[in-house]
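Report on the structure
Read off the chains here:
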Amino acid sequence: MLYLRRLDRYLMGQFLVILAIALAALSAITILVHLMDHIDVYLDAEAAWSDVGRHYLYQLPYNLLITLPMAMLIATILTIGEMGRHGELTAMKASGLSLYRIAAPVLVFSLGMSFAALLLNETVVPRLNEQANDIYDGRILGRDVDFENFRGSFVYQNSDGYTYIVRSLFVQDSASSGEQVEIQRAFDDGTFLRINAPRMTWEPATRTWVLTDGELRLFPGAAGIRARRAPAADTEAGTPTEETAASGGTTGAASAGTAPADSAAPRRPVEERMFAFQILHSPHLDDTPQELLAREKDPEEIGYRDLQQYIADRERLGAETRKEQVDLQMKVSYPFANVIIVLFGVALVGSAVHTGGGRSASAGFGLALFLTIIFWGFLRVGQGVGYGGGLSPVAAAWLGNIVFLVMGLGLLTRAKT
């Protein structure tokens, strides 16, 4: 047992040294490529290099997680490959150790790194990415004012199903207001509510929006229209009248300026009702100005659950969410690429040693680098095809992992374990 522990320490010592070097090199290359691609942006914006440095510093954990699978593959091939080239692998097998037992510490470590990457992607990394993007948009590009107090032409839906369509939103400490506002809500019975107003103002005392000089329209569903055509059962059938509209939530505290009489044409089927108002309150319109002002975040800035909720909100709006669904699945598949690619590396080296294909360190590094490019290509191809709808989000996100897992299992059948 002591021998096995010493062997594990020896193997992991070699592996971790190479992994650290590979991670540092790949992360540096990633940053340099991004820097060269954006150097003209930094110069045109006259950005302070301290802000540019902070931007890349906050993005460093994300870059480390992105390059981790490739670094793991390089470390696996170089570590076990060098052991095979120097005969150490053969000596270990001669002492009764299988390839699986020799590589067990690396496989366990890679599995642990997969779970660690999942945890970091849900906690630390999204917040740091958000700070990095804030520095890029605010300090480097000078967009602080836009994000602090203005948002134009946006759609927002709250948890109750009320959808805000706002042309201009101004948020100040003293007062917040929106212009050219439309609010919509579809109810379970098919009734559709639409409110149009030239202006809405945030009321801090009640923590709700107050709409002024607008119109409220109700479009009853099929059940409401049938009830309308039976005058004797008007209010008893639950038809959307002014009172039932109030109980629906949007006009619960409304102060209407004018409203058409309900008895103007009692025998004529009414499929739409309109109410003009001077002031309209509703406890359901309690989304704060900061919530409406918040810009849409990139998938890298939010965790799995938040992205899942974002997709659900977008789908309620009828928006296309295929891209976001692929990104959601990538949040799970990419961390587990660490253990899959290590298994592939072990199988590749084991089969090469078995067939007498030992390579020098430089050749092993070249092979590992080539395979990382292939792996990254499969990831991007799967992601792109998923964005276009050619694959389901799950298949698109797991394409690279599945291909390398199948190849790894195939190589294991050739390896002398």
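Everything quoted here is computed from the prediction, not taken from an experiment.

Criteria and cut-off values
Counting restarts for each chain, with residues numbered from 1 along the sequence as it is written. The predicted origin of the model limits local features to residues at a pLDDT of at least 70 and limits the giving and counting of side-chain atom pairs to 80 or more, whereas totals for whole chains, interfaces and linings rest on all residues. Remark: hydrogens and water are excluded; side-chain values derive from all non-hydrogen atoms of the structure. Strands are runs of DSSP state E lasting at least two residues, helices are runs of H or I lasting at least four, and both sets are numbered from the N terminus onward. Note on classification: 1.4 Å probe, protein chains only; a residue is buried when its accessible area is under 20% of the maximum for its type, exposed when over 50%, partly exposed between these limits. Pairs of residues are marked as contacts when any of their non-hydrogen atoms sit within 4.5 Å. We get accessible surface area from the Shrake-Rupley algorithm with a probe of 1.4 Å; when it comes to residues, only the shown protein chains can shield them. Each aromatic pair joins two rings of Phe, Tyr and Trp (for Trp, the six-membered one) with centres within 6.5 Å, and gets the label stacked for planes under 30 degrees apart, edge-to-face for over 60, and tilted for any other angle. A ring has a charge above it when a Lys NZ or an Arg CZ is no more than 6 Å from the ring centre and no more than 35 degrees off the ring normal. Helix span, as expected, comes to 1.5 Å for every residue beyond the first. The quantity called bend is, for any residue, the angle between two axes fitted respectively to the seven residues ending at it and the seven beginning at it. By definition, a salt bridge exists where a carboxyl oxygen of Asp or Glu is found within 4 Å of a side-chain nitrogen of Lys or Arg.

**Focus: the overall build of the protein**
For the protein, the helix and strand inventory stands at 13 helices and six strands. Across the 417 residues of the protein, 42% fall into the buried class. Partitioning the intrachain contacts of the protein with sequence separation of at least 6 by distance along the chain shows that 68% fall at a separation of at least 24. Here the protein displays about 21,100 Å² of accessible surface, and carbon together with sulfur accounts for 58% of that area.

**A short note on the packing of aromatic side chains**
Here the structure, examined in full by the defined rule, presents 13 aromatic pairs. On the numbers, 6.4 Å between centres and 90° between planes, the contact of Tyr42 with Tyr56 is edge-to-face. Here Tyr42, found in helix α1 (residues 2–44), pairs with Tyr56, found in helix α2 (residues 49–85); they are 14 residues apart in sequence, far enough to count as distant. Residue Tyr42 is classed as buried on the basis of its relative accessible area of 1%. With relative accessibility at 8%, the residue Tyr56 sits in the buried group. Every member of this aromatic cluster is reached through a ring pair, and the members are Tyr42, Trp49, Tyr56 and Tyr136. A cation sits over an aromatic face here: Arg185 above Tyr162, 5.1 Å from the ring centre.

**Details of the side chain of Asn121**
Its location among the elements puts Asn121 in helix α4 (residues 99–122). Apart from residues lying up to four places away in sequence, Asn121 is in contact with Leu65, Pro126, Gly303 and Pro335.

**Overview of α4**
Taking 1.5 Å of rise per residue, the 24 residues of α4 would be expected to cover 34 Å, and the 34 Å separating its terminal C-alpha atoms lies within 8% of that figure. Largest kink in α4: about 40°, centred on Pro105. Those residues of α4 that sit buried are Leu99, Ile102, Ala103, Pro105, Val106, Ser110, Ser114, Ala117 and Asn121.

**A short note on the pattern of salt bridges**
Throughout the structure, instances matching the rule amount to seven salt bridges. The shortest N-O distance in the salt bridge between Arg101 and Asp8 comes to 3.1 Å. One end of the pair, Arg101, is in helix α4; the other, Asp8, is in helix α1, and 93 residues separate them in sequence. Its relative accessible area of 18% is what places Asp8 among the buried residues. When salt bridges with common partners are traced through the structure, they connect Asp51, Arg54 and Arg139 into a single cluster.

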